[in-house]
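# Residue-level structural notes
This is what each chain is made of:
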Amino acid sequence: MIDGLAAEARGVADDLSPADLLATIRSAREDENRAAAQQLALAARWADLHPPESIHSAASFTVPGSQHEEPIAGEGAPLVAEFCCAELGTVLGITSTAAKKLIGHALELRHRLPRLWAQVHAGAVPAWRARAIADTTIHSTPPLTVEAAGFVDAQVAAVAGRVGSAQLDRLVAETIRRYDLATADPAADPEDGYLHVDPRHVTVDTDDVHYAGTLRIEAEVDIADALDLDRALAHHAATQQALGSLLPLDARRAKALGDLARTQTALELLTGGPGTDRASGPDPDTRRQDRVNPDTDTDTDADADVDETHLPAAREVVIHAHFDASVSGDTTVFGPTGRMENGQRLVLLDQIQSWCADTRTEVTIKPVIDLNTTLTAQTRKVPATIREHVILRDRTCVFPRCTRPARRCDVDHVIPWDDDADAEGRPQPGPTTTSNLACLCRFHHRLKTHSPWRYEMTAPGIFEWTSPHGHRYRRDHTGTTDLDPPHPPHPTAPPGIPRPRRR
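Heads up: these notes are all about the structure in this document.

Cut-offs and rules
- Residues numbered from 1 in each chain as written.
- Predicted model: local features only at pLDDT ≥ 70, side-chain atom pairs only at ≥ 80, totals over all residues.
- Heavy atoms only, no water.
- Salt bridge = Lys/Arg side-chain N within 4 Å of Asp/Glu carboxyl O.
- Helix = DSSP H or I, 4+ residues; strand = E, 2+ residues; numbered from the N terminus.
- Buried < 20%, exposed > 50% of the residue type's maximum accessible area, 1.4 Å probe, protein only.
- Polar contact = N/O pair within 3.5 Å; in protein donor to acceptor, adjacent residues only side chain to side chain.
- Contact = heavy atoms within 4.5 Å.
- Core = buried A, V, L, I, M, F, W, Y, C linked by side-chain atoms within 4.5 Å.
- 1 Å grid on protein atoms, 1.4 Å probe; cavity = no way out; pocket = protein on both sides within 12 Å on 5 of 7 lines; lining within 4 Å.
- Points joined across faces, edges and corners; volume = space filled by probe spheres on them.
- Nonpolar A, V, L, I, M, F, W, Y, C, P; charged D, E, K, R; others polar.
- Patch = residues over 30% accessible without salt bridge, like charges linked within 9 Å, V, L, I, M, F, W, Y side chains within 5 Å.
- Areas by Shrake-Rupley, 256 points an atom, 1.4 Å probe, with all protein chains shown as cover.
- Axes fitted to C-alpha atoms, helices over the stretch in contact; angles between N-to-C directions.
- Left-handed = near helix turned anticlockwise from the far one by under 90°.
- Pairing = 2+ DSSP bridges.

## What to know about the pattern of salt bridges
Under the definition given, this model contains 21 salt bridges. Of the charged contacts in the structure, one is a salt bridge between R380 and D419, with a shortest N-O distance of 3.1 Å. With R380 in the loop between β8 (376–377) and α13 (384–394) and D419 in the loop between β9 (410–413) and β10 (432–433), this residue pair connects regions lying 39 residues apart in the sequence. By relative accessible area, R380 is classed as partly exposed at 46%. Residue K448 pairs with D412 through a salt bridge whose shortest N-O separation is 3.2 Å. A residue pair is termed long-range when its members are at least 10 positions apart, and K448 in helix α14 (residues 442–450) and D412 in strand β9 qualify at 36 residues. Using a relative accessible area of 4% as the deciding quantity, one classes D412 as buried. One salt-bridge network, in which partners are shared between bridges, spans E174, R177 and R178.

## With respect to the side chain of D476
Among the structural elements, D476 can be located in strand β14 (residues 472–476). There is a polar contact of 2.5 Å between the side chain of D476 and the side chain of T478. Other than its neighbours up to four places away in sequence, D476 contacts G461 and I462.

## Digging into the nonpolar core
Counting residues in hydrophobic clusters, the biggest one holds 41 residues, and the most contacted among them are L40, I103, L107, L109 and L116. Among the elements that take part in this core, helix α2 (residues 18–48) stands out by supplying six residues, more than any other. Non-local contacts of L109, meaning those with residues more than four positions away in its chain, are made with L40, P114, L116, W117, A130 and A134. In terms of nonpolar packing, the next biggest core, distinct from the first, is built from 28 residues, C397, V398, Y455 and Y473 among them.

## Some words on the layout of surface pockets
Roughly 930 Å³ of internal volume is contained in the second largest pocket. Around the second largest pocket, the lining comprises 43 residues; the ones closest to its centre are T95, T97, C402, T403 and R404. Elements that contribute at least two residues to the lining of the second largest pocket include exactly α5 (96–112), α7 (127–138), α13, α14, β14 and β15 (479–484). When residues in the lining of the second largest pocket are grouped by element, the largest group, five residues, is from α5. By residue class, the composition of the lining of the second largest pocket is twelve nonpolar, 15 polar and 16 charged.

## Structural notes on a nonpolar patch on the surface
A surface patch of nonpolar side chains, amounting to about 560 Å² of accessible area, comprises V202, V204, L215, I217, V221, L229 and L257. On the basis of relative accessibility, which here comes to 32%, the residue L257 falls in the partly exposed class.

## With respect to the packing of α7 against helix α9 (residues 165–178)
Across the interface, α7 lies against α9 with an axial gap of 11 Å and an inter-helix angle of 35°. In this structure, α7 meets α9 at a crossing whose hand is right-handed. Between α7, through A132, I133 and T136, and α9, the contact on the second element is made entirely by L168, D169 and V172. Looking at the contact of α7 with α9, its residues break down into four nonpolar, one polar and one charged.

## Re the environment of P452
Mapped onto the elements, P452 comes out in the loop between α14 and β12 (454–459). Overall, the relative accessible area of 9% leaves P452 in the buried class. Each C-alpha atom, one on P452 and one on H469, is 9.0 Å from the other, the two residues being 17 residues apart in sequence.

## Considering the pairing of β12
Strand direction decides the pairing type here: β12 and strand β13 (residues 462–466), joined by five bridges, are antiparallel. Following the sheet pairing, Y455 is matched in β13 by W465. The loop that links β12 with its antiparallel partner β13 comprises two residues; one of these, G461, has a positive phi angle of about 80°.

As structure tokens, then:
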């Protein structure tokens, strides 16, 4: 009975037959696709209302950090006023970066992939698939010209957008070759010109920390390097098993990758290798580079003089983890779970202890900061102690929906510091105190300074923002909350602040 009531509360009748349920699901998906297509059209219209002319017609002068023209799609797509992405993002409940991507995809489809754009609005291609294709053509290296994008559009539209990522990559590579876009090397073979676009990279996604305390690594390397790395990981994983490790193979391979990095860094520190300042150590021309015999997979005699148990700390890894603690007598008792600043994920105390158990791990414990106190300085420059206090309190940029970690943000005076106040004998309106400071990423710092966006701190770590069109948001360490219906837009804007221009 309870399940039936819950289903009806969600708008789903509990007496649907299997066939009716499938039909309803299909209809819901079609409605979702139509809504996503309409959202693309509305995002493109939002860009139309905020062209670069809306900046230039409103501002008679520019200052460093002010709004500029933003190319968010490929060649041939119109530019937009940079700050327009922020308000669209807050209304949609997404970040400014995600809103910028949405507008860019809409403009790319409408102006450079018109066949695909038409198919999206005809219901033949779902918006998510078209956006994936637009993202590829926007970020192609080298960039696709209007003609080259048109070629991709024609090929993709012919199959109603049903191409996988690998097929799309091959199509873009063929387009680059066909239109001679990779001609940086005059001596390159024109038949293989597109191969000179170097796809190699190693990316460590430090912003996405899994609750298990792991990070994702993505790489594309030379074939020889990949095979060598695979062999090294297999060898180290087998060694761990022989030494009694009960971890599964994938976990042992992952651990082996970290061991390789730590061992290499430690060897360089010990011998004055690349990246160190030590003058002593073996001559780089005579130092053995192949320290493992490729035929036997055993250490050579060149390693005999290196005792790994006495290697210096391989590297300093800074982990900002926060745990609740209590004092029992002379003992500090930590709670079993805490929070990592990086990614705002939960972490277990046992995990931190295991990370610190390595003999070559350097552990630094910093003093606890009481976030309930108010710290004040007499200068505009924010001292390190106050900055650390604000970072720990805010955790991220405090603009609505923004997730950029506070340690990569500016510390902003909510009420601006007045350089002339002391000289004129007036009280400082914007003091350097924790009750007047907030973490803002560079983009939202510029947005706050050079646009009609306004905010105030209503309580320590709690901020209320008002957008140019009157939407209000509360932001604290738990996230963003819409406060109330929007007020009428501001009748006038301060000098130099662009307003949307309708056309």
